[in-house]
Amino acid sequence: MRRFLALLFVLALAAAACGGSPNDNDNADTDTSAAEAGAETSEPGDESDSEPDEGPIVEDEPEQQAESEPEPDPNPLGALRVPEDYPTIQDAVDAAVPGDIVLIAEGVYNESVSVETDNIVIRGVDRHGVVLDGMHSEDLANGIIVFANGVAVENLTVQNYFSNGVFFTGDYDSDFLLEGYRISHVTALNNRKYGLYAFNATYGLIENSYAAGHTDSGYYVGQCQPCRALLVNNISEYNTLAYSGTNAGGELYVVNNEFRLNRIGVTPNTLSSEELAPQRGAVFAGNWIHSNGNPETSKGGDIWELAYGVGMVLPGANENLILRNLIENNRNGGVAISFLPDGDVFWQATNNQIRENVFVGNGIDIVMVQQAPGDGLGNCFAGNDYTSSRPADVETVLPCDGQQGDVSDMIGIEFFAPPAADENIPYEDVASPGAADQPGMADPLTAPPVTAEVIPEFDTFDLDAITVPTGS
Amino acid sequence: MRAGLVVVLCLASASCAGDDPAGLFEQSRVGPAPIVESETLDIDLDTLADATAEPETASPPAVEIPAGALDRTGRRAVDIDIRDNVFEQRVIVVTAGTEITWTNQGRNEHNVRPAVVGAFESISAAALAVKGDAASLVFTKPGDYPYFCSLHGTATNGQTGRVIVVSADSA
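What counts, and at which threshold
Residues numbered from 1 in each chain as written. Chains lettered and ligands numbered in written order. Predicted model: local features only at pLDDT ≥ 70, side-chain atom pairs only at ≥ 80, totals over all residues. Helix = DSSP H or I, 4+ residues; strand = E, 2+ residues; numbered from the N terminus. Buried ≥ 20, exposed ≤ 12 C-beta atoms within 10 Å, placed from the backbone. Contact = placed C-beta atoms within 7 Å. Nonpolar A, V, L, I, M, F, W, Y, C, P; charged D, E, K, R; others polar. Pairing = 2+ DSSP bridges. pLDDT = per-residue confidence, 0-100.

Colleague: I'd like a rundown of the overall build of chain B, residues and numbers included.
Modeller: Of the regular secondary structure elements, chain B holds two helices and ten strands. In chain B, which comprises 171 residues, the proportion classed as buried is 48%. Considering only residue pairs separated by 6 or more positions, chain B has 61% of its internal contacts joining residues 24 or more positions apart.

Colleague: So what's going on with the overall build of chain A? Residues and values would help.
Modeller: Check the secondary structure of chain A and you find six helices and 33 strands. Buried positions account for 53% of the 472 residues belonging to chain A. Once local pairs closer than 6 in sequence are excluded, the contacts in chain A between residues at least 24 apart make up 65%.

Colleague: Tell me about the interface of chain A and chain B, residues and numbers included.
Modeller: Contact with chain A, which involves 19 residues of that partner, is made by 25 residues of chain B. Class assignment for the residues of the side of chain A that touches chain B results in five nonpolar, six polar and eight charged.

Colleague: I'd love a proper account of the environment of A:Asn119, names of residues and values included.
Modeller: Residues and elements named next belong to chain A. Along the chain, Asn119 falls in the loop between β4 (113-115) and β5 (121-124). Sequence separation of Asn119 and Gly78 is 41 residues, and the distance between their C-alpha atoms is 16 Å. The residues contacting Asn119, other than those within four sequence positions of it, are Pro98, Gly99, Asn149, Gly150, Val151, Thr451 and Glu453.

Colleague: Tell me about the sheet that holds strand β5 (residues 91-95) of chain B, residues and numbers included.
Modeller: Residue and element names in this part refer to chain B. The strand order across the open sheet formed by five strands is β2-β5-β10-β9-β7, and the pairing between neighbours is mixed. With partners counted over all chains shown, the strands left at the sheet margins are β2 (70-71) and β7 (113-114), one partner each. Across seven bridges, the pairing between strand β9 (residues 143-153) and strand β10 (residues 158-166) is antiparallel. Its bridge partner being in β10, Tyr147 is matched across the sheet by Gly161.

Colleague: Explain the pairing of strand β7 (residues 142-146) of chain A residue by residue, including any values.
Modeller: Residues and elements named next belong to chain A. Burial runs high along β7: five of the five residues are buried. Both β4 and β7 contribute to a ladder of three bridges, which runs parallel. Among the inter-strand pairings, Val113 is bridged to a residue of β7, identified as Ile144. Alignment of β7 against strand β9 (residues 164-169), held across four bridges, turns out to be parallel. Paired with Ile145 across the bridge in β9 is Phe167.

Colleague: Talk me through the environment of B:Lys131; I want residue IDs and the actual numbers.
Modeller: Considering the arrangement of structural elements, one finds B:Lys131 in the loop between β7 and β8 (134-139). In sequence terms B:Lys131 and B:Ser150 are 19 residues apart; their C-alpha atoms lie 18 Å from each other.

Colleague: Tell me what's going on with the confidence of the model for chain A, and back it up with residues and numbers.
Modeller: Confidence along chain A averages 87 in pLDDT terms, with 84% of residues attaining 70 or more. Low pLDDT (under 50) marks residues 14-65 of chain A, which in the prediction has 35 contacts with non-local residues, meaning those over four places away or in another chain.

Colleague: Help me get a handle on the pairing of β5(B), residues and values and all.
Modeller: Residue and element names in this part refer to chain B. Counting buried residues in β5 gives five out of five residues, a clear majority hidden from the surface. Residue alternation in β5 divides its side chains into two sets, Val91, Val93 and Thr95 and Ile92 and Val94, and both sets are buried. As defined by bridge partners, β2 adjoins β5 across two bridges and the pair is classed as parallel. Along β5, the bridge assignment pairs Leu70 with Ile92. Where β5 and β10 come together, five bridges link them in parallel fashion. Each residue of the ladder has a partner; that of Ile92, found in β10, is Val163.

Colleague: Tell me about the confidence of the model for chain B, residues and numbers included.
Modeller: Residues and elements named next belong to chain B. Taken as a whole, chain B shows an average pLDDT of 76; of its residues, 63% reach a score of 70 or greater. Throughout residues 1-41 the model reports pLDDT below 50, and contacts reaching past four residues in sequence, or to other chains, amount to 77 contacts. In the predicted assembly, ipTM is 0.81 and pTM is 0.82.

Colleague: Describe unusual backbone geometry, naming the residues involved and giving the relevant values.
Modeller: Residues and elements named next belong to chain A. The linkage connecting Val82 with the following residue, Pro83, adopts the cis geometry, with an omega of 5 degrees. Structurally, Pro83 is set in the loop between β1 (80-82) and α3 (89-95). Following Gln225, the chain continues to Pro226 via a peptide bond in cis, the omega torsion being 0 degrees. Within the secondary structure, Pro226 sits in the loop between β14 (217-222) and β15 (229-232). Phi at Leu261 takes a positive value of approximately 60 degrees, unusual for a residue other than glycine. Within the element layout of this structure, Leu261 appears in the loop between β19 (258-260) and β20 (264-269).

What follows is the structure, given as structure tokens:
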């Protein structure tokens, strides 16, 4: 019996040896073959192919299939990745050369990023998951400040900065006019001054972005003439001002945005605090300007508090076109055209056209605010759907075509009446109810980077295609 | 106008602590190139940093007065107006001991920070928050003192300025 068992044992060993070595050789060959030829795994010495029932053949196939699949490229864009390649956003930006993309992984970054390289793209992999947070520190003044041309910032959140969220700036004093900028799918929250800001800059696009909780404006374009900029499909809410544009105009199109629930709505204006006064030549079209006069906001400077609850106010603004907007439910007024005292200077508002807008449920739909009776200063109104105005029947008194009449029935500065003792909510605590709903950009991991050297959206913009929004 | 804040400038030495414990302004320089020049400032910040770190007994480095600098030497007090976003008297030359007052004439708040960390005491945004706010510094040591508003610029870009201090003998 023992001999029989021993013989069985020996035979078993022999069978294992005979079956194993050919398989080992096949595996080695297959590994090489997979490396050399990719998916194909057939081997001339692999007799197992002709004998599908043999165990080793079955064992080999899954391994051959796994090895044949190419590894996915972890960096298809060739991006400078944060933190995979660079520990900080600033490090990546400093290493970038024109044409590069800095791609930021999800996380919270307590950085203030300064950009001095032309034509780069800074992108978050997830609009809500990539957060630049300034912690309200004066040492982190801006989320991203750009001193270069052609830079694009997209698909991320900037919040809690001591000054501004994203800031593109030229330098008038040294004749540096920043040219080419883009902000897309960016969320700006609770920054102390401006959310998204372009200053002394031209040829820009701000789109599909969201701003809330700022003590000045959610969106600000200042000191440019011509600005050559397009602000489109943005939302601004719970700010002191929805949009402000000091001394900014000339091919400046603010279109198809929603400006809601701010303290004051939209205000192109003139101030001597910046160059290129007076403001002139902007277009505001197709916007839904509604429900402004929201007390759950932060109070700004005294001058703006006077315009509390007005959907659109034009203090010292000139030659603007207000076209096909839906202006509704603004607490104190729909559109107000007004002078502006500014220290030793007194700015008039002249030659603005208010055309084809729809007004619903405002305190007073259309208002001319004047210091004393006088002419209409070239301001005119035509084709609007409105209920109330001062002067009464404003389109008859101040038509865009024909002789203008007597504007003695106007309102003085008393129109601007600040609300009674509304609480001032600190900007850090102001809500942003619409932030979470904002969509990110498509395909952030694979979409090719597009710098702001060329902006086709601006180049092909068609004002005639803009219509009055339907609102809610 | 709020009461001015007058700060006697401490000399650029180790005892004159900057307000940059996190070393952020080191990072705000353009790097890694050691020499940084700008159209307006036209200076080498690193050389300037080395110079300001030297003992007081050393002779101050010779400063070339750039073209376009405003000569305010011989005055006991000099004003710099701040608008949005610029120091209007951008490059000034003053005599040691001159009191310089920055006054905010803009709508935005601003601050004043030395381009070389520790070169002089900063003026915070709280001191220059609204139009009419003013704050002052007295520069006692001859030298070159570039500065910037960190809300609207960096040491070499955006809202920058420069104070060049000459000795009373050379004024």
